[in-house]
Every structure is written in structure tokens, then in C-alpha cells.
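# Structure assessment
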Amino acid sequence: MTKLFNSDSIEKIKKELEKWEKECLPKSLERYKERMEKFTTLSGIEVKRLYTPVDIKDYDYSARIGLPGMYPFTRGIHATMYRGRLWTMRMFSGYGAPEDTNRRLKFLIEHGETGLSLAFDYPTLVGLDSDHPLARGEVGICGVAVDSLWDMQIIFDGIYMGDVTTNMTINPPAPVLLSMYVATAESQGVPYNQIGGTTQNDPLKEFIAQKSYVFPPEPAVKIAMDVVEWSVKNLPKWNPISISGYHIREAGSDAVQEIAFTIADGIAYVRHLIERGMDVDSFAPRLSFFFDCHINFFEEIAKFRAARRMWAKIMKEWFNAKKERSLWMRFHTQTAGVSLTAQQPYNNIIRTTIEALAAVLGGTQSLHTNALDEPYRVPSEFAAKIALRTQQIIAYETGVADTVDPLAGSYYVEWLTDEIEERAWRYIDRIERMGGMIEAVKKGYPQREITETSYRFQREVEEGKRFIVGVNIFVEEEEEEIRNVPLLDINQEEVENRQIERLKKLRQTRDKSRVETCLSKLRRAAEKGENIIPYVLNAVKALATLGEIMDTLKEVYGEWREPPIF
Amino acid sequence: MERTSDILKGKRIKVLVAKLGLDGHDRGAKVVARALKDAGMEVIYTGIRQTPEMVVEAAMQEDVDVIGVSILSGAHLSLMERLMKLLKENKMNDIPVFLGGTIPLPDIPKLKELGIDEIFLPGTPLHTIVEYTVKAANRRRK
Amino acid sequence: MEKTLNGIISSALDGDRRSLGRLLSYLEEDPIKTSIIINKLISRSGKGHVIGITGIPGSGKSTLISKLITSYRREGYKIAVVAVDPTSPYSQGALLGDRLRMQEHATDPNVFIRSVSTRGLKGGLSLAALAMIEVFDAMGYDKIFIESVGVGQADVDIMYTAHTLLVVTMPGVGDEIQALKAGVMEIGDIYVLNKSDKPEAARTYEYLDFAIESGELRPKGDWTPKIVKTSAIMGKGISDLIKNIDEHYNYLVKSGLYQEKVLIRRKFMLKLLIEKIFLDKLDNMYLENKLPDIGESEDLYKVAREVIREIANQI
């Protein structure tokens, strides 16, 4: 036991506190009444006026806080953290046709981003080709359109894939996009063991929050686990899954729910992989996570620390993982899109800065910072560059990266870390009692929680209990500056036509019978319950389109329609 | 919140809340649907991934007073143009339509030209939307 | 008003769906309009097969209906759905979400889906919904689904309106026997065990089977209730369910019960109409504070009778 404080000191401090409350505090209160009756974090946790050693009096340093790189990893998963290597500056990007995204990637690399992250357009996210009737008007708008292997090759034209790692935010079509990435890297001469990156590939949160689902829950999870299994065997540097809380948070959950539901999703996936006969230490080191970073500064920092501690415990005690790396919660963070305002958009730079700082102080492995024009459109170069520079200033000028987990020992932060952890455990217990996350999702439990929390938040804003500058305080009637924010120019129709033409050419030039053979082999493998990835890879190389492959899978697995939950 | 039963005696206000296009971000649509319900209206929520044709049919079958659309994918110009055209073809352009989502300011005049009655940017208070919906429904009934 | 009403009615009869939508709205307004419309159309109705679907929230009723619609459409039937959702007693508003599950049929011109809120009336099913069934019938819809949340005794009145009543349940709802005794469960012609892919399904099936054999779930006339296992999301069991529905339809026609049920439903509609006319007046008196005061020496019953007589005179 390495108790931080001895009981004598605590007693003395308690007495001092009493004295303080009697003599010092009332004078302050008389001068200024406190600004609010109650101060709460965004998760509704009440924040006291003052935190002292008394609040963490029973702390066992080694058990609760520990040292970075050692169980329970509260202070970080690496001993040196950012002194050894800065977090990856990985800007989520993509729009228009593959050529446009290729340009944007090169722009960001030129300006110092250290990891790539691809955003796909809606048709691609839900497995539709650019010429599908439902894709009309949506091609290339919120991300890049990818219909076939050709598109992936164009995206990486002039970018050597052996030198970069790429995150792909893709879920149901993850097998297809991963195959395209691998095939493209292959054609560049990159060996499998050099191919590095991440596929988001987290179906459970699609049902809860992001809603780019395609298949019903069980097949969706099966497919995702196929990706993990194949990747673990073939791509030693690849993170096949990014268990995500970002979307859950953006959809309206609070910080506690964000980590609780994410961790519950993770538990479900681990169980599935173990059921397949995989040894936990074979895949656990390759699991990664993805969190939001919202604007309540200390809550977010505490949240990350709590999440790391919880996951380490779960992997060690629930699943008996033996390798150190199996206990690490490695995560990417994105600053909270939902905290940005359409009003006075330049303020968003400040919000993103504070959120980025919190993510760094929380020990993230990789970070995306939002651009100021997100409430309007996919970012312009101007805005994306400022967002990237934000990270660089934090890394190189502020000194926060020069020591590990600097806020450890703060009475408030340690107390808050504990508080968040305790509340998150309660959610996880409830989900366990429901039979696990898949059952909970089918019952609509996390969806309902999110709906409730988001409605409550909106009411709080409208009742003046939560403040948003420019929205309910310091509101400006006529805002000149919005009109001057330079927005990205996308000629959507032109992009759509370009993609449609390309598809036509693809369908004309490829070997049709080869495509058909690959697709029917894929269908049979899916029906038999085999791992579909090798078959998807073959289909991709034969130039089957994303839509064709997804349609084949839809025939076998069906399509999901969500229940009405308010 | 205003109680529409106090404002409008007799037939309740019926609103269709729809998510057009492939965009799955339904937080706003659901919050607005709930606020309208709390204000005493009958709200039909279509769910995500609706085509303009599906929205028009639903509005027709449910005989709604107002249509609210949410689009956060950026595809609003194309989708709303198709929707407004269909409404006109079906002689339903007397039904006020309001739109919410990630809308760049330069697009607002274009959207108004299409016949969209009101556009609500992120950060719009719910009571503004509720009040607008009541007024719009009233206007139509006169 | 007569003229426009006639116009809308003939437009709807011609197949104009917007007019039909409008017409259905009139049925939600006042009882006089409702009577006029029913009067004009009643001679045309009486043929449609009314299929009631009830069951606890989450049992998958809407998905089931959606699948049934797909099958029936393949046989060329015209389908209407009246989806009843509860009204919030607090705000009097309603979130009507059943349509969401059936939106795949939204652009089929031979499928018409209408959502109705219960508006706090006791019994769950409102006059409007019943009148809508009559109107859909008159418009030539072959299969008319009436869907409601069957939580508890209140929704037993669906029994009075439907030809064939499907009670949807799912495995693992807790004490199956208790659920059976909740009143609504006793009235089914066909029990649909949805989500039957779940492991506990076999046990629930046994409960239902036993309940039917032992007479706990009463046979209705010569018809012994059937159990059908489905998994609506996976599309399993639907053809089996249709077979059973068709069997029940044939039974009703052969036994003459088909027409009798139409008469029963109209009687119930009359009852609801009377209630609405009367209660509207009573509510107004109450809200306008025109009800007499009750002192210490008043005979409550006498006072009530006088009020009733007064209302009757006003109508």
C-alpha cells in the first residue's frame, strides 16, 4: 500500500478546512455570491468549490495512479509518453473525387501532419456506388467517393504507403476498403508487414450513434471480427478496429456514457474473438479506441485516465491477458464537433485549442483537431491548416508535452477520475446484466440513454443553465464575419459525373467473368460462415465495385432497419 | 414551452420530421421532434435515409401541416431541390417546409428560392422552431 | 362544406391519395363530419379484411406488418395500415413512430399508411381510427391492418373491430403466464411468436401451446387459436403466418362470422360516436365551469341525472 497521505495530516487538514469554512469562506461569499447554485460538469457531476487531500485521502498511489507504462496505466501507456514520441497529428480529411483528396493529403503532409486519416462520402460509407440512385447529390460531399480499386490508387498516387499510416473511417464496408488499401499498397511494392493504419470497423456504435449501418447486428459484428481475425494474421502493423466513443458522444451522450458504452462495445468484441478460438493476447494488442474531446477541460482529462484504468483492469482480470500490450488502451481523439458553433465561427479555433490541450493532457496517442468551418462544410485548406498548427503549437511551444501526465496528483483531477470511473462501472454492470452490449443495442438501451441525455442538454442550454458563447450568451445579431469565412469550393455535380464516368469505364474494361466468379465465391463463403476477407480481396483485385461487393453481402446477411426510439 | 392546444383549438398540428438522404446524424431531428411533441403537436418521424419521394408520400398520407427536414451531410441543395419539385408536382407546395442542418450561409438564399420557408442553423433554440411551426401551421389553415 | 367534402370524397374514390389523406383528417376533427363521411361511404364498405395486430412494445409488430405487406403486395392486394400510437397525457402531443418501420413501402401507390394518436381516450382506440377503417374499406383496400400497442386491458377493444386478431409476443418477456393473463393476450386468433430466433423461444412456444390446449387461451367459436413462429427481421415464418391468416379468413367467411364482425365493428363505432358527442359536451361544461356545485345536502346521483338530461336536450 502506498497511501499518499498519513491520517494525522488528513485530520489536521480537515480541521484547517473547518476553520476555513467558518472564517475565510463567508467573507468571500459575502462579497460575491457564487455565480451558480450548483456547478456541474457536462455529465452532471457536481463540482465542489475546493478539492484537498481530504478528497483523496485513502489513495493508494501505486494501485490507483501508478507509473506510466505500468499497470493500471492511469498515467499513460508508455513510460516516456510525448518525451519519446509526440502524438500522431492525424487530420481527418477527404472530399470530392479521389484526385481532390490526393491533393489535400499532400497539402497536409507538406504542412506537417504525421498520420493520414480518410473521410469517405455517404454513399461509400453505406456501401453504395456513385451511380446508385440513392447516391444522387451526395457523392463527394462529406468525404471522398471510393467506388473501386482505381479510386484508392488515385488517392495514394505519389504517396508511398510504406512510409505512412492511414486511418480509414469506414464501418460496414471495412472489408472492402481494407482490401483496396492492401491491394494498392501491394501494387506500390509495400510488403504486408509494413502496411500500417486503422480501419474503424466498429459496428455496434453504428447502431447506437453514427447510423451508417447496413447489416443487422449479428452479421455486422461477424464481418467486423472477420476483419480483425484476418488482419491479426496478415497485417502485423494494422489496427483492424477502432472502438469508438466519439460518435456516441456526438450523438448526445455524456462523458461517462461515452467511455462506458465504448468499453462495453470493446468487451463484446473481445468475447466474440475469444469465442472464435483466438487467444486474447494474439489480438488485444491490436485493438484501438477513438474518443471525443469536449470542452469541459478537466472532465475530459479525467475521462481518458479513467478509461485507460478500466480497460487495463478488464483485460487483466476479466480476460486474463498476459502480455503488457494487451492491457494498453491506445486511442485516437477528435475534438468535439458538436461543441462548435455556426455563430461567430472564428471562436471555434479557441474551442478546438482547449479541447486539443485536454486530449494531450489526457494522454492520447493520436489527435485530430476540427476546423473552424465544420458547422458549415467540410474544411477549407485555410481552416484545416490552422487546426493542424494548433496541435503543433501545443506540442512545440507550450511545454505540456515535456513531462508525463502533469496533472496527476491534482486533488480535483484524481477525484474526478475516480468519480467518472465509478459511474462508468455502473453502466457497464447494467449492460452486463442485460446480457452484453449486443443485447442492450437490440433492446435500444444505449440509444435511449443518448436520446434522453441529448434532450436534457438542449433544455439546459435553453434554460440558461449551460452557456455557449455566441449562441445563448454574447449573441451578435448581425454577424459580418460569418459571411467572410472562406468555404471550400466543391462542384458536387462535376464530382458525381466524374465518378459515374469512371465507373462506366471500369465496367467496360474489366474482366466481367472474373468479377462474377469472385462475387459468387464470396457469396458462398459468406453463406458458409467463412472469413470473407480473402474473398473480398480477390473481388477487389478483379475490379468489383464497392456496391457490387456490398450487394452480394446484403443478399446473404440482410439489411437493418432501426426501431423507432425517442 | 407554448401549448399549441391553447393556441389552436380543434385539430391538432401535425408535423412530419424527416431525414433526407444518407446522412445518419439524427440527434437534431429527434430533439426537435420531441420538442414539438412536448408543445402538443402530433409528430411523425420518418427515420433516416428517406428519399424525396418517400417524404412526399408520407406527408400526403398523413396530411401534415408542416414538413421539417434535417440534413447534415452537405447534400441539402440537391436533395431539397428534388423535394420541393415533387411537392409542387403533387400540388402540395402549400405545406410550409423548414430545414435544419449544416448549411453554409451562401446557400440560404438559394434554398429560399426553392420555396423553403425557413432555415434553422445549428444553435437555434428549440422554442424558436416550435413557435415558427405553430405560426406556419396557422398561416396555412387560414 | 358539403360541396368540398363531396369533392374530396369522389377524388379519393378516384384514387387521389392526397384527397384520401385529407379525408382521413376530417375523421379526426368532429363527430358530425365523421358521420357525414361514413354515411356517404358505408354502402361501399364491408368487404375489406381487417387484421388487428397488437402486442407489447418491442415485440416487432411494425416490422411484421412491413413483411406482411411485402407478401400481400406480391399477390396484388391493396393494403392500408392504421398505426395507433399513444398520446402523451402531459402535453397532449404525440410522437408517431410506427411508420418508420414501414417506410420501405412509402412509394408503393397501393399501400397507404396512416398514423393516429390515441388522444388520451380510454380504451386506447379512438373513434377516428375505427372510422378510418370504414373509409379504407370503402376505398377498396383489400387488407386493412390496425396496429396498436396492446399493453393491458385497455386495448381489448381492438377485438371488436378486427376480423382476424394477431397477438404478437416475443421470447423472454418474463413471466409468460402473467403476460397471458394481461387480458389482451387472451383474445388472439393467431399468436405470433416473433424474434423466434432467440434461444428462449422454444420455452415460450411451449407456454403458449399449453395455454391454448388447456383452454386458458380461449378458443373462439370453432376456431382454435394458432401459434406461428416468426423472425420478422430475418423474413422467416411470414409465409406460414399468411397461410394461417388466410385460413382464418376462410373460416370467417364460411361460418358467416365475417359479416357479423363488420356489424359488431359498426356497433362499436356507434358507441364511440355516442361517447364522443356526449363527452365533448360534458367536457365543455366542465371547462366552462357550468357544472352545478355540490353542497353537503346534494344527492349526487340526482344532480348527475339532471346534467345528463340537459346535455341530451342540447344535442
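Structural notes, computed from the coordinates. This is a predicted model, so every value here is computed, not measured.

## Observations regarding the pairing of strand β7 (residues 190-193) of chain C
Residue and element names in this part refer to chain C. The alternating pattern of β7 places Ile190 and Val192 on one face and Tyr191 and Leu193 on the opposite face, and all of these are buried. Note that strand β6 (residues 164-169) and β7 share four bridges and pair parallel. Note on β7: the bridge partner recorded for Val168 is Val192. Where β7 lies against strand β8 (residues 226-229), four bridges are found, and the strand directions are parallel. The residue bridging Val192 from the neighbouring strand is Val228, located in β8. As a crossover connection, the stretch from β7 through helix α7 (residues 201-213) into β8 is right-handed.

## Describing the packing of helix α12 (residues 297-318) of chain A against helix α15 (residues 411-433) of chain A
Angle between the axes and distance between the axes are the two parameters that describe a pair of packed helices. Residue and element names in this part refer to chain A. Between α12 and α15, the least distance of the axes is 8 Å, while the angle of their chain directions is 50°. The orientation of α12 with respect to α15, classified from their angle, is oblique. Here α12 runs over α15; the crossing is right-handed. In this structure, α12 contributes Phe298, Glu299, Ala302, Lys303, Arg305, Ala306, Arg309, Met310, Lys313, Ile314 and Trp318 to the contact, and α15 contributes Tyr412, Val413, Glu414, Leu416, Thr417, Asp418, Ile420, Glu421, Ala424, Trp425, Ile428 and Glu432.

## A closer look at the sheet that holds strand β3 (residues 94-96) of chain C
Strand order in the open sheet formed by six strands is β5(B)-β4(B)-β3(B)-β1(B)-β2(B)-β3(C), with parallel pairing between adjacent strands. The open sheet has two edge strands with one neighbour each: β5 (118-120) of chain B together with β3 of chain C. Going across the sheet, the axis of each strand differs from the next one's by a mean of 20°, ignoring polarity. Pairing between strand β4 (residues 97-101) of chain B and β5(B): three bridges, direction parallel. Its bridge partner lying in β5(B), B:Gly100 is registered against B:Phe120. Here helix α4 (residues 76-89) of chain B sits on the sheet in contact with β3 (66-71) and β4 of chain B, set at roughly 160° to β3(B).

## Side note on the nonpolar core
Residues and elements named next belong to chain A. Counting 183 residues, the largest nonpolar core has Leu177, Phe283, Met437 and Ile549 as its most contacted members. Considering each element in turn, this core owes the most residues, 11 residues, to helix α10 (residues 255-275). Apart from the residues lying within four places of it in its own chain, the contact partners of Ile549 are Val176, Leu519, Leu522, Val536, Ala539, Val540 and Ala544.

## Re a negative patch on the surface
All names here are of chain C. Residues Asp293, Glu298, Asp299 and Glu306 make up a contiguous surface patch of negative charge. Mapped onto the secondary structure, Glu298 falls in the loop between α9 (257-287) and α10 (300-314). Residue classification places Glu298 among the partly exposed residues on the basis of a relative accessible area of 41%.

## Things to note about helix α2 (residues 17-26) of chain C
With nine of its 10 residues buried, α2(C) lies for the most part within the structure. Of all the residues in α2(C), the buried ones are C:Arg17, C:Arg18, C:Ser19, C:Leu20, C:Gly21, C:Leu23, C:Leu24, C:Ser25 and C:Tyr26.

## Some details on the pairing of β6(C)
Residues and elements named next belong to chain C. Of all the six residues making up β6, six are buried; the element is thus mostly covered by neighbouring parts of the structure. Of the two faces of β6, the one carrying Thr164, Leu166 and Val168 and the one carrying Leu165, Val167 and Thr169 are both buried. Looking at chain direction, strand β1 (residues 49-55) and β6 are connected through five bridges and run parallel. Bridge assignment links Ile53 to a residue of β6, and that residue is Leu166.

## Quick notes on the interface of chain A and chain B
In this complex, chain A contributes 41 residues to the contact, which on the side of chain B involves 36 residues. Here chain A meets chain B over a buried area of about 3,200 Å², counting both sides, of which 56% is carbon and sulfur. If you look at where chain A meets chain B, you find three salt bridges. With a shortest N-O distance of 3.9 Å, A:Arg377 and B:Asp107 are connected by a salt bridge. The set of elements that each furnish at least two residues to the side of chain A that touches chain B consists of α4 (122-125), α7 (203-210), α9 (246-250), α17 (445-462) and α18 (480-484) of chain A. Partitioning the side of chain A that touches chain B into residue classes produces 21 nonpolar, eight polar and 12 charged.

The rules behind the values
- Numbers given to residues run from 1 along each chain, matching the order in which its sequence is written.
- Here chains are named by letter from A upward and ligands by number from 1 upward, in the order in which they appear as written.
- Per-residue local features of the predicted model are confined to residues with pLDDT of at least 70, and side-chain atom pairs are confined, for both listing and counting, to 80 or more; whole-chain, interface and lining totals are unaffected and use all residues.
- With hydrogens and water set aside, each side-chain value is computed from the structure's full complement of heavy atoms.
- Buried residues are those whose accessible area, probed at 1.4 Å on protein chains only, stays under 20% of the maximum for their type, while exposed residues exceed 50% and partly exposed ones sit between those limits.
- Each helix is a run of DSSP H or I of at least 4 residues and each strand a run of E of at least 2, with the numbering of both proceeding from the N terminus.
- DSSP calls a pair of strands paired once it identifies at least 2 bridges connecting them.
- Orienting the strands away from the viewer, one traces the path from the first strand over the helix to the second; a clockwise path indicates a right-handed crossover.
- A fitted line through C-alpha atoms represents every axis, and for helices the fit uses only the stretch in contact; the resulting angles, taken between N-to-C directions, go from 0 to 180 degrees.
- In what follows, roughly perpendicular refers to angles from 65 to 115 degrees, roughly parallel to angles under 35, roughly antiparallel to angles over 145, and oblique to any angle outside these ranges.
- The sense of a crossing depends on the near helix, which, turned anticlockwise from the far helix by less than a right angle, makes the crossing left-handed and, turned clockwise, makes it right-handed.
- Should any heavy atoms of two residues lie within 4.5 Å, those residues are counted as being in contact.
- As used here, the term nonpolar core means buried Ala, Val, Leu, Ile, Met, Phe, Trp, Tyr and Cys residues forming a set that is joined through side-chain atoms within 4.5 Å.
- Exposure above 30% relative accessible area and the lack of any salt bridge qualify a residue for a patch; like charges then connect within 9 Å, and the nonpolar side chains Val, Leu, Ile, Met, Phe, Trp and Tyr within 5 Å.
- The Shrake-Rupley method, run with a 1.4 Å probe sphere, supplies the accessible areas, and residue values consider only the shown protein chains as cover.
- Salt bridges are identified by distance alone: a Lys or Arg side-chain nitrogen within 4 Å of an Asp or Glu carboxyl oxygen.
- Two residue types count as positive, namely Lys and Arg, and two as negative, namely Asp and Glu; His and chain ends fall outside the count.
- In this description, the location of a charge corresponds to atom NZ of lysine, CZ of arginine, CG of aspartate or CD of glutamate.
- By buried area we mean how much accessible surface two parts lose on assembly, using a 1.4 Å probe and totalling the loss over both.
- Residues are grouped as follows: Ala, Val, Leu, Ile, Met, Phe, Trp, Tyr, Cys and Pro are nonpolar; Asp, Glu, Lys and Arg are charged; all remaining types, including Gly, are polar.

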